[in-house]
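Spelled out, the chains give:
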Amino acid sequence: MDGMTARPIGTEVSCDGPDETVDCPDNAAVRAAFVSVTPRDVRADGREQGWIVRRRNRRFVDLCPQCAASSFVTRP
């Protein structure tokens, strides 16, 4: 029997939630195409699904459509 070789199968990009104190209620992740391996490829798939990338506290965050819509609401 030959030895097994592990190979990376891709990257998961998940939602960072509507703000820094709240997690995504759906635990959403981008549905990546089979050929998408790099984070850039997966984020491109996400943009086709309505995901956005936004700056928050000097870093980029990935937001699913639901969290993107709720993050625009002004909080008291």
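Our structure is the block above this text.
These numbers were taken from a predicted model, which means no experiment stands behind them.

A.B. asks: Provide a residue-level description of the nonpolar core, including the pertinent values.
C.D. replies: Of all hydrophobic cores here, the largest spans 12 residues; its members are V13, C15, C24, A28, V30, V42, W51, V61, L63, C64, C67 and A68. Mapped by element, the contributors of at least two residues to this core are β2 (59-63) and α2 (65-71). Ignoring anything within four residues of it in the chain, the contact list for L63 reads C15, G17, W51, I52, R54, R56, A68 and S71.

A.B. asks: Which residues make up the pattern of salt bridges, and what are the values?
C.D. replies: Going through the model one piece at a time under the given rule, you end up with one salt bridge. A salt bridge links R43 to D62, with the shortest nitrogen-to-oxygen separation between them at 2.9 Å. Placement of R43 in helix α1 (residues 39-48) and of D62 in strand β2 is noted, with a sequence separation of 19 residues between them. R43 sits in the partly exposed class, given a relative accessible area of 32%. On the accessibility criterion, D62 (7% relative accessible area) is buried.

Rules of the game
Counting of residues starts from 1 at the beginning of each chain's written sequence and follows it residue by residue. pLDDT decides what is reported in this predicted model: residues at 70 or higher carry local features, side-chain atom pairs at 80 or more are listed and counted, and totals for whole chains, interfaces and linings draw on all residues regardless. To obtain the side-chain values, all non-hydrogen atoms of the structure were used and water was disregarded. By convention a nonpolar core is built from buried Ala, Val, Leu, Ile, Met, Phe, Trp, Tyr and Cys residues, the set being connected through side-chain atoms within 4.5 Å. Accessibility here uses a 1.4 Å probe with only protein chains present; expressed as a share of the type maximum, an area under 20% marks a residue as buried, one over 50% as exposed, and anything in between as partly exposed. Numbering of helices and strands runs from the N terminus; a helix is a DSSP stretch of H or I covering at least four residues, while a strand is a stretch of E covering at least two. Any two residues whose heavy atoms approach within 4.5 Å at even a single point are treated as in contact. Salt bridges, as used here, are contacts in which a Lys or Arg side-chain nitrogen is within 4 Å of a carboxyl oxygen on Asp or Glu.

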